[in-house]
Amino acid sequence: MKKKMSNKHKMIAYVLNQDPDFDYPMKKIAGLMDVSQSTISTSIKEIKYQMQINDLRKELKKAKALIPAELRKEEPIIINTTYELNDNN
């Protein structure tokens, strides 16, 4: 049976590998956690994606705050742009 890593363990693996104070190789972390190196690699990628999503949510919240309240409730303006390709080069 494959061993699943909890989010806590994934975050620990991320810190051990990415933090310059630790800089543990994935293979060593895998040995400590009794999982494969590929599991550690995947876990670190997942944490990076979660952090990126969190950062994007924060940016979106800031951007929404810049939009005046009266405009937030209106229907979005959809701009339909078409481009013509000219094959007469």
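Structural data are supplied above this passage.
Predicted model, so just to flag it, every value in this text is computed and none were measured. (Residues numbered from 1 in each chain as written. Predicted model: local features only at pLDDT ≥ 70, side-chain atom pairs only at ≥ 80, totals over all residues. Heavy atoms only, no water.)

Trainee: Honestly, helix α2 (residues 26-33) in this entry has me stumped. Any pointers?
Mentor: Within α2 the residues assigned to the buried category are Ile29, Ala30 and Met33. For α2, the buried positions fall inside an angular range of 105° around the axis, keeping them on one side. Turned more than 90 degrees away from the buried face of α2, the exposed residues are Lys27, Gly31 and Leu32. The elements touched by buried residues of α2 are α1 (7-18) and α3 (37-66). Following α2 by one or two positions, Asp34 has its phi on the positive side, about 55°. (Buried < 20%, exposed > 50% of the residue type's maximum accessible area, 1.4 Å probe, protein only. Helix = DSSP H or I, 4+ residues; strand = E, 2+ residues; numbered from the N terminus. Arc of directions from axis to C-beta. Contact = heavy atoms within 4.5 Å.)

Trainee: Just checking my understanding: could you explain unusual backbone geometry for this structure?
Mentor: Working note: non-glycine residues mostly have negative phi, and peptide bonds are mostly trans. In this structure, Asp23 takes a positive phi of about 55° despite not being glycine. Relative to the helices and strands, Asp23 is located in the loop between α1 and α2. You will see that Asp34, though not glycine, has its phi angle at about 55°, which is positive. When you line up the elements, Asp34 lands in the loop between α2 and α3.

Trainee: Mind showing me how you'd approach the packing of aromatic side chains here?
Mentor: Each aromatic ring pair is summarised here by two numbers: the centre-to-centre distance and the angle between the ring planes. According to the stated counting rule, one finds one aromatic pair in the structure shown. Their ring planes at 65° and their centres at 6.5 Å tell us that Phe22 and Tyr24 sit as a pair that is edge-to-face. By relative accessible area, Phe22 is classed as partly exposed at 42%. Tyr24 gets classed as partly exposed once you look at its relative accessible area, which sits at 26%. Directly above the aromatic system of Tyr24 lies the positively charged group of Lys28, at a separation of 4.8 Å from the ring centroid. (Phe/Tyr/Trp six-rings, centres within 6.5 Å; stacked < 30°, edge-to-face > 60°. Lys NZ or Arg CZ within 6 Å of the ring centre and 35° of its normal.)

Trainee: Please clarify how the nonpolar core should be interpreted in this entry.
Mentor: Soluble, globular proteins show a tendency: their nonpolar side chains are buried together. Core analysis: the biggest nonpolar cluster contains eleven residues, these being Met5, Ala13, Tyr14, Leu16, Ile29, Ala30, Met33, Val35, Ile40, Ile44 and Ile47. Breaking this core down by element, the ones donating at least two residues are α1, α2 and α3. Leaving out residues up to four positions away in the same chain, Met5 has contacts with Lys10, Ala13, Met33, Val35, Thr39, Ile40 and Ser43. (Core = buried A, V, L, I, M, F, W, Y, C linked by side-chain atoms within 4.5 Å.)

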